[in-house]
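Below are the chains, spelled out letter by letter.
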Amino acid sequence: MSAIEDNLSICLREQWQKGLFYQMECNGDKLQLSPHCHAGAYCLPPVDSGEKGFAWSRLAVSALLPQDCTLWVYAYAADTPDWAGWQALQSAFAAGDMALDAQFGAPQPAGTDCWLHEQGRYLWIALALAATGGGAPQIHAVSLRMGGDHMVDYLPAIYQGQDFTTRYLSIFNTIFQDMEDAVEALPHDFDAMAASEEMIAYLADWVCAAPDGGNLRSRIRTALQDYESMYTVEGVKRSVKRLTGREPFVIEHFMVDPNLAGCCNPMLYRRLYGENPYRFFLLLAEDAFSSRDQMEWFLSRMQQRIPAGMEPELVLLKPCVQLDWHTYLGINSCVGSHIPAVINETVTIHYDTMIGGAKP
């Protein structure tokens with residue numbers, strides 16, 4: 001049996017807009033009840049199969065139906081596109097009457113996956129929603145089987161014309177086809193740029209991509225490269241950038257070793273960086289964290305992103321003019337700035353305050 005099945009899907013706003021609405025409206029690419037309405041109906045324009053006497057079979061509706069919400073499906077087929085019921089529905093909807101039973105007859109058995117018994121080139125489908133609870137039902141898509149293999153096609157000709165056999169085998173045909181469709185959709189589902197939000201969370205768990213910082217879809221795509229360089233200097237900088245949004249400076253012990261012969265100020269370097277070769281320093285601007293809790297969260301997350309045996313120390317740099325201690329050009333240093341102030345006996349003049357005239 002072939003896995004290929006020809007289906008027509010109606011799932012876009014442009015497609016819905018061509019139909020008839022009664023107390024229903026489009027919300028993006030979805031159909032829903034109009035505000036303050038507990039029941040409504042929608043009728044699709046005729047679907048053309050291109051074949052006279054076409055035997056319509058499976059119809060599946062993708063819908064969100066909370067508790068106490070009901071969906072009814074109506075169908076009618078004919079070989080000519082001029083169905084008087086279409087004009088009658090237009091008049092009835094305009095007059096505030098659904099009139100679906102009068103034009104279509106009884107609805108299909110309850111459910112979102114049904115087997116139609118209609119024959120004709122053109123098919124009209126009507127959907128009715130009712131919400132008696134607090135939930136808001138939505139219709140996402142309608143799928144019609146237009147062709148493809150069926151299990152009954154592989155039976156002797158004597159069985160192929162029997163309606164009961166066709167309907168009975170359709171149960172298993174649907175199960176088999178859904179399984180085949182799921183297999184065919186696997187490449188799409190495993191594509192980080194195309195998968196659904198639920199699948200993205202699942203894939204992220206597979207590759208241990210944490211949801212903090214950055215776009216999760218791109219994180220999944222670069223997970224392998226990220227793990228290969230995670231415990232390098234560039235990897236540590238990348239982790240800090242993702243967690244804080246800031247580009248850090250990383251100072252390692254060998255960069256400021258006070259015991260080196262060329263060290264210009266060993267005593268200062270010992271006060272600033274000590275002599276522990278397994279400690280490195282992360283330099284960030286003072287406003288990188290909005291609270292103490294955020295800083296503690298950052299440090300706990302970084303413990304999982306540094307090489308084993310290494311000890312990070314966070315240094316928050318304050319903006320000042322004094323070029324000494326933990327002061328770095330381009331991060332927290334400035335040549336000078338004018339700040340309006342009133343000086344009296346209640347004002348403390350700080351070490352980084354400049355007092356002078358505006359003239360050079």
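The coordinates are above.
Enquirer: Residues and numbers for the pattern of salt bridges, please.
Expert: One pass over the full model with this rule turns up 10 salt bridges. As a salt-bridge pair, aspartate 178 and arginine 58 come within 3.1 Å of each other at their nearest N and O atoms. Placement of aspartate 178 in helix α5 (residues 163–184) and of arginine 58 in strand β7 (residues 58–64) is noted, with a sequence separation of 120 residues between them. Residue class for aspartate 178 comes out partly exposed when judged on its relative accessible area of 35%. For arginine 58, a relative accessible area of 13% puts it in the buried group. Residue arginine 242 is joined to aspartate 226 by a salt bridge in which the shortest nitrogen-to-oxygen separation is 2.9 Å.

Enquirer: If you had to explain helix α11 (residues 266–273) to someone new, which residues and values would you point to?
Expert: Helical geometry note: an α-helix holds 3.6 residues per turn, so side chains three or four residues apart project in the same direction. Among all positions in α11, only Leu268, Leu272 and Tyr273 are buried. Considered in projection along α11, the buried side chains sweep an arc of 100° and stay on one side of the axis. Along α11, the residues that are exposed and aim more than 90 degrees away from the buried face are Met267 and Arg271. For α11, the secondary structure elements touched by its buried residues are β12 (249–251) and β13 (279–285).

Enquirer: Explain the side chain of glutamine 108 to me, using residue names and the numbers behind them.
Expert: Tracing the backbone shows glutamine 108 in the loop between α3 (100–104) and β9 (113–115). Overall, glutamine 108 belongs to the buried group, its relative accessible area being 11%. Leave out the neighbours within four places in its chain, and glutamine 108 touches Val73, Ala75, Cys114, Trp115, Leu116 and Glu118.

Enquirer: Explain the sheet that holds strand β14 (residues 311–317) to me, using residue names and the numbers behind them.
Expert: The strand order across the open sheet built from three strands is β12-β13-β14, with neighbouring strands paired in mixed fashion. Strand pairing shows two members of the sheet lacking a second neighbour, β12 and β14, which therefore form its edges. In this sheet, adjacent strand axes meet at a mean angle of 25° when their direction is disregarded. Where β12 and β13 come together, three bridges link them in antiparallel fashion. Among the inter-strand pairings, phenylalanine 249 is bridged to a residue of β13, identified as leucine 283. Each of β13 and β14 is contacted by helix α12 (residues 292–302), which is oriented at about 150° to β14, the strand it contacts most.

Enquirer: Could you give an account of unusual backbone geometry, naming the residues involved and the relevant values?
Expert: A positive phi angle is found at aspartate 68, which is not glycine, with a value near 70°. With respect to the element layout, aspartate 68 can be found in the loop between β7 and β8 (69–78). According to the relative accessible area criterion, aspartate 68 is partly exposed, its value standing at 45%. The phi angle at alanine 99 is positive, at roughly 55°, despite the residue not being glycine.

Enquirer: Report on the packing of helix α10 (residues 233–244) against α12, specifying residues and quantitative values.
Expert: For the pair α10 and α12, the least separation of the axes is 11 Å and the interaxial angle reads 150°. Crossing of α10 against α12: the hand is right-handed. Only Trp297, Phe298, Arg301 and Met302 of α12 make contact with α10, whose side of the interface consists of Val236, Ser239, Val240, Leu243 and Thr244. Of the residues assigned to the contact of α10 with α12, the class counts are six nonpolar, two polar and one charged.

Enquirer: Tell me about the nonpolar core, residues and numbers included.
Expert: Generally speaking, soluble globular proteins have nonpolar side chains that are buried together. Formed by 29 residues in total, the largest nonpolar core has its most connected members in Trp16, Trp56, Leu59, Ile125, Ile139 and Leu144. Of all elements in the fold, only β3 (24–27), β4 (30–33), β7, β8, β10 (122–131) and β11 (138–148) reach the threshold of two or more residues within this core. Ranked by size, the runner-up nonpolar core spans 16 residues in total, among them Tyr22, Ala41, Cys43 and Trp83.

The rules we used
- Residues numbered from 1 in each chain as written.
- Predicted model: local features only at pLDDT ≥ 70, side-chain atom pairs only at ≥ 80, totals over all residues.
- Heavy atoms only, no water.
- Salt bridge = Lys/Arg side-chain N within 4 Å of Asp/Glu carboxyl O.
- Helix = DSSP H or I, 4+ residues; strand = E, 2+ residues; numbered from the N terminus.
- Buried < 20%, exposed > 50% of the residue type's maximum accessible area, 1.4 Å probe, protein only.
- Arc of directions from axis to C-beta.
- Contact = heavy atoms within 4.5 Å.
- Pairing = 2+ DSSP bridges.
- Axes fitted to C-alpha atoms, helices over the stretch in contact; angles between N-to-C directions.
- Left-handed = near helix turned anticlockwise from the far one by under 90°.
- Nonpolar A, V, L, I, M, F, W, Y, C, P; charged D, E, K, R; others polar.
- Core = buried A, V, L, I, M, F, W, Y, C linked by side-chain atoms within 4.5 Å.

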